[in-house]
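Okay, here's what each chain looks like letter by letter:
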Protein chains: 2
Amino acid sequence: MQQRLDKTHDAHLRSWVESANPVAGVAASDFPIQNLPHGVFRRAGTQEAWRGGVAIGDYVMDLAAVLAAGLLPAMVEDAARKAAAATLNDLMALPAPQRRALRAALSDLLVEGAVQRERTARCLLLLADVEHALPARIENFSDYYSSIHHAINVGALFRPDNPVLPNYRWLPVGYTGRVSSIRVSGVDVTRPKGQLKAPDAPTPTYEPCKRLDYEVELGMLIGTGNALGTPIDIREADEHVFGVCLLNDWSARDIQTWEYQPLGPMLSKSFMTSISPWVVTLDALEPYRTGFARPDGDPAPLPHLWCETMSERGSIDIRLQMYLQTSRMREAGEAPHLISDSRFTDAYWAMAQLVAHQTSNGTNLCPGDLMGSGTLSGPEPLSRACLLEMTQGGKNPITLPNGEQRGFLADGDTVLMRGYCQKEGAVRIGFGECRTTVLPVMQP
Amino acid sequence: MQQRLDKTHDAHLRSWVESANPVAGVAASDFPIQNLPHGVFRRAGTQEAWRGGVAIGDYVMDLAAVLAAGLLPAMVEDAARKAAAATLNDLMALPAPQRRALRAALSDLLVEGAVQRERTARCLLLLADVEHALPARIENFSDYYSSIHHAINVGALFRPDNPVLPNYRWLPVGYTGRVSSIRVSGVDVTRPKGQLKAPDAPTPTYEPCKRLDYEVELGMLIGTGNALGTPIDIREADEHVFGVCLLNDWSARDIQTWEYQPLGPMLSKSFMTSISPWVVTLDALEPYRTGFARPDGDPAPLPHLWCETMSERGSIDIRLQMYLQTSRMREAGEAPHLISDSRFTDAYWAMAQLVAHQTSNGTNLCPGDLMGSGTLSGPEPLSRACLLEMTQGGKNPITLPNGEQRGFLADGDTVLMRGYCQKEGAVRIGFGECRTTVLPVMQP
């Protein structure tokens with residue numbers, strides 16, 4: 001497999017930040033020295049300026065402080081300044097070699113035995129003491145429908161006679177999403193109101209959504225963009241992805257059923273989309289590259305949606321998990337309960353195909369654009385990555401350890417997404433979390 | 001009718017800028033002193049900074065120059081600074097009374113007999129000498145489907161058995177549109193490539209779009225926004241609209257047919273959206289407010305989508321026209337030919353309803369957000385506001401005066417949108433133009 005591994009991926013690397021290192025071979029943190037995800041933060045509860053940092057173990061490295069202390073080689077200072085900014089768009093816009101040079105320099109600063117250890121340590125803040133903003137000024141958001149398992153399960157509920165439409169296996173179906181309501185983990189979601197119409201009701205009503213759902217997705221943040229009118233060749237598509245985060249595509253299923261034809265979902269999605277604060281770079285995920293293939297008998301993708309290297313490294317072995325904690329569980333001190341566990345490798349469409357397809361008509365991507373994978377369901381029952389699928393539209397509610405049941409989400413519920421990559425011979429790479437609590441609908 | 005007319009609307013007002021005044025009762029310009037639309041410009045062919053101005057007759061008033069010359073009363077200087085900026089978002093965010101105070105002060109500067117006439121004249125540039133940027137940093141774009149005539153005509157082509165779906169009369173159907181490819185009038189459109197599949201073809205192909213179409217729409221630019229989670233009450237919705245422009249929602253019909261189910265149009269629209277450079281404020285359109293009503297027998301809108309004042313002033317009597325000039329016509333010096341003429345008053349959904357609906361689930365609008373009305377077709381043959389409708393999907397091409405025929409657009413065609421309001425006893429208000437030429441698909 002053609003991999004782009006360098007010394008920053010070495011599984012034997014350890015950091016002088018002890019919390020970043022595995023203990024007896026078991027990861028103690030999502031953020032080992034092989035990860036180095038980028039995010040935007042400030043000390044919680046202050047009005048400090050937002051600024052960019054990199055997560056390491058239980059800490060965030062304040063890049064503005066690192067720069068001020070003169071700890072970085074001159075050749076990466078420009079990239080570091082962009083990584084220290086209040087939005088990371090300029091970092092994302094850098095050519096991949098410059099981003100990789102910064103990654104190598106940050107690894108050198110944090111590695112066990114680094115000469116500048118003491119001065120660098122002064123630039124660390126405890127993750128527990130910071131709050132986050134969105135990692136980028138997101139200008140465009142596209143959301144896809146990459147999992148055929150999700151398409152089959154949901155299609156069967158929306159269109160029993162016709163679950164997967166003929167275009168599904170030929171192009172990555174998607175829609176353009178709302179940007180203004182994208183929020184970072186920790187921001188609560190308000191239950192939306194909307195037009196609902198039961199199949200047997202004569203007319204719709206405007207009332208609080210009764211079928212509020214999450215969708216477990218991977219978010220891709222675009223690095224360098226392209227000029228309007230000039231598609232990105234699939235062979236170069238991965239180089240245009242800066243990194244990935246967790247994405248929860250909040251969905252009001254009852255609003256969606258009534259509104260979505262013929263122009264697609266709009267208000268059923270636009271009230272909120274949540275993403276995790278840390279962007280894990282594709283560079284960090286390099287050891288987890290894996291082959292991408294179509295199921296036997298399915299049509300081969302058209303030439304502009306396929307390239308040779310995809311069969312060796314077209315996918316990334318990322319696992320995504322959703323946990324639920326009701327307010328009763330929270331009050332009783334019970335931990336969030338795992339309700340789904342799925343893999344990005346079960347997606348029918350690969351990241352590079354989404355980029356190539358999105359730009360195949362000449363659409364221009366911009367640094368910081370967000371692309372959602374779509375709900376990443378797999379074939380097993382526990383891999384159904386939204387409640388609509390998990391409970392067959394609410395008909396078969398899940399039962400939590402304390403006996404509570406959920407067909408859809410209730411007010412006070414907290415959903416908590418996690419993601420990670422793990423395998424023999426490589427260091428576990430974590431994504432942090434994306435946590436949101438459901439607030440009751442606002443009273444007028 | 002409850003109107004908010006003030007002295008700036010007085011039909012007898014004349015400007016010392018002669019080209020702004022009617023000649024023998026006939027408008028000589030789109031931009032009389034009663035209009036005063038805002039836009040962003042610089043001297044064409046220069047690298048000057050973009051800045052905000054107001055159109056008057058054949059000129060643009062450079063507001064930075066007006067401010068520098070101290071020509072405005074102190075109480076409107078803050079608003080004028082925002083109107084002089086490179087993007088007008090901050091102007092749009094101002095409360096309506098402040099925007100109206102600026103309008104009154106600009107009217108005072110430009111009115112016949114104004115004391116400061118000579119110093120103000122030095123702040124004027126010929127419109128013919130400037131080029132435009134987008135009037136705002138557009139962060140979100142929603143496109144609607146407000147004309148039931150369009151929905152019926154197009155629905156019959158896409159779904160012969162089921163042209164208008166049951167939700168159409170209950171909620172303004174729409175979709176979220178791509179922001180990165182919104183361009184101002186004068187920027188050419190490149191013919192997109194995309195996946196096309198003829199109904200009888202066994203598999204799709206990736207090739208240049210063969211059914212390239214325009215859509216004549218009105219664009220609304222949002223003024224003050226709302227907080228996430230807090231819907232805008234329909235009684236206040238119009239106050240959240242800063243102004244309107246012309247909008248051409250470029251559409252690749254063959255890409256659309258294959259991609260649009262189940263999540264709606266995406267690549268068939270995302271390659272470009274064109275808008276006119278001048279934003280005509282709702283304040284300027286006040287004399288053209290008119291009643292809004294549903295056809296007899298249609299369901300009354302739900303309470304959150306209706307308010308009493310709508311039956312008196314819910315619509316605006318705006319006419320929209322599309323002209324076509326082929327490259328052969330251009331070479332022969334033949335003027336663009338009128339191919340459609342329609343009215344905003346034929347829309348089934350009013351501006352205030354779009355705003356109230358969009359935010360009814362808590363979605364937040366931001367100053368400078370763009371909302372498209374959808375293709376504004378009316379009931380008559382000439383009011384079919386896209387070629388798909390006009391030619392019944394290409395089956396009945398239009399014939400131009402030189403004998404050329406068009407089912408859809410050909411490379412080299414220029415489409416030119418115009419809009420205006422006109423009636424007895426009021427001054428004609430024009431929208432300028434939105435002009436785009438079709439370039440051939442890029443060769444790889």
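Residues numbered from 1 in each chain as written. Chains lettered and ligands numbered in written order. Predicted model: local features only at pLDDT ≥ 70, side-chain atom pairs only at ≥ 80, totals over all residues. Heavy atoms only, no water.

## Focus: the UniProt feature "binding site: Ca(2+)" (unreviewed entry) in chain A
Residues and elements named next belong to chain A.
Step number 1: Look at the UniProt record and you will see "binding site: Ca(2+)" (unreviewed entry) annotated at Asp 143, Glu 215, Glu 217 and Asp 249. For this annotated set, covering 107 residues, all C-alpha atoms fall within 11.2 Å of each other, a compact arrangement in space.
Step number 2: For Asp 143, the location among the structural elements is in strand 6 (residues 141-144).
Step number 3: If we ignore the near neighbours within four places in the chain, the residues touching Asp 143 are Gly 174, Tyr 175, Glu 217, Asp 249, Gly 372, Ser 373 and Gly 374.
Step number 4: If you trace the backbone, Asp 249 turns up in the loop between strand 14 (241-248) and strand 15 (251-252).
Step number 5: Ignoring anything within four residues of it in the chain, the contact list for Asp 249 reads Asp 143, Tyr 175, Asp 213, Tyr 214, Glu 215, Glu 217, Lys 269 and Thr 273. (UniProt positions renumbered as here; feature names shortened; annotations may be inferred. Helix = DSSP H or I, 4+ residues; strand = E, 2+ residues; numbered from the N terminus. Contact = heavy atoms within 4.5 Å.)

## Re the relation of the copies chain A and chain B
Step number 1: The two copies are related by a screw motion: chain A maps onto chain B through a turn of 180° and a shift of 0.0 Å along the axis, at an RMSD of 0.0 Å. The transformation just described matches what one would write down for a two-fold rotation axis. Ranked by how close their C-alpha atoms come to the rotation axis, the residues of chain A are headed by Gly 264 of chain A, at 2.0 Å.
Step number 2: A share of 100% of interface residues in chain A that are also interface residues in chain B marks the association as one of identical surfaces. (Least-squares fit on C-alpha atoms with pLDDT ≥ 70 in both.)

## Considering the interface of chain A and chain B
Step number 1: Across the contact, 58 residues belong to chain A and 58 residues belong to chain B.
Step number 2: Both sides of the chain A and chain B interface together cover about 5400 Å² of buried area, and 61% of this is carbon and sulfur.
Step number 3: Considering only the side of chain A, the residues that lose the most area to chain B are Arg 178, Leu 263 and Met 266 of chain A, jointly responsible for 14% of the buried surface there.
Step number 4: Counting across the chain A and chain B interface gives two salt bridges.
Step number 5: The salt bridge partner of Asp 369 of chain A is Arg 178 of chain B, with a shortest N-O separation of 2.9 Å.
Step number 6: Between the two partners, chain A and chain B, sit 26 residue pairs in polar contact (both at pLDDT 80 or more).
Step number 7: Contributing elements (two or more residues each) for the side of chain A that touches chain B: strand 6, strand 7 (174-177), strand 10 (193-196), strand 11 (205-208), helix 8 (253-259) and helix 11 (351-359) of chain A.
Step number 8: The greatest single-element share of the side of chain A that touches chain B, amounting to four residues, is contributed by strand 7 of chain A.
Step number 9: For the side of chain A that touches chain B, the residue count by class is 28 nonpolar, 23 polar and seven charged. (Buried area = accessible area lost by both parts, 1.4 Å probe. Salt bridge = Lys/Arg side-chain N within 4 Å of Asp/Glu carboxyl O. Polar contact = N/O pair within 3.5 Å; in protein donor to acceptor, adjacent residues only side chain to side chain. Nonpolar A, V, L, I, M, F, W, Y, C, P; charged D, E, K, R; others polar.)

## With respect to the UniProt feature "binding site: Mg(2+)" (unreviewed entry) in chain A
All names here are of chain A.
Step number 1: In the UniProt entry, the feature "binding site: Mg(2+)" (unreviewed entry) is given for Asp 249, Lys 269 and Thr 273. These annotated residues cover 25 residues of sequence, and their C-alpha atoms lie no more than 7.6 Å from one another, placing them together at a single site.
Step number 2: According to the relative accessible area criterion, Asp 249 is buried, its value standing at 0%.
Step number 3: Among the polar contacts listed, one links the side chain of Asp 249 to the side chain of Tyr 175, at a separation of 3.3 Å.
Step number 4: You can see Thr 273 is positioned in strand 16 (residues 273-275). (Buried < 20%, exposed > 50% of the residue type's maximum accessible area, 1.4 Å probe, protein only.)

## Section: the sheet that holds strand 20 (residues 319-325) of chain B
Residue and element names in this part refer to chain B.
Step number 1: With respect to topology, five strands assemble into an open sheet ordered 9-26-25-20-21, the strand pairing being mixed. Both edges of this open sheet fall to strand 9 (189-190) and strand 21 (337-343), since each of them pairs with a single strand only.
Step number 2: Bridge analysis of strand 20 against strand 25 (residues 414-421) gives seven bridges, and the strand direction is antiparallel. Across the sheet, the residue bridging to Gln 325 is Thr 414, located in strand 25. (Pairing = 2+ DSSP bridges.)

## Quick notes on the layout of surface pockets
All names here are of chain A.
Step number 1: One number sums up the size of the largest pocket: a volume of about 720 Å³.
Step number 2: No other element matches helix 8, which puts five residues into the lining of the largest pocket.
Step number 3: Among the residues making up the lining of the largest pocket, the classes are represented as 11 nonpolar, eight polar and eight charged. (1 Å grid on protein atoms, 1.4 Å probe; cavity = no way out; pocket = protein on both sides within 12 Å on 5 of 7 lines; lining within 4 Å. Points joined across faces, edges and corners; volume = space filled by probe spheres on them.)

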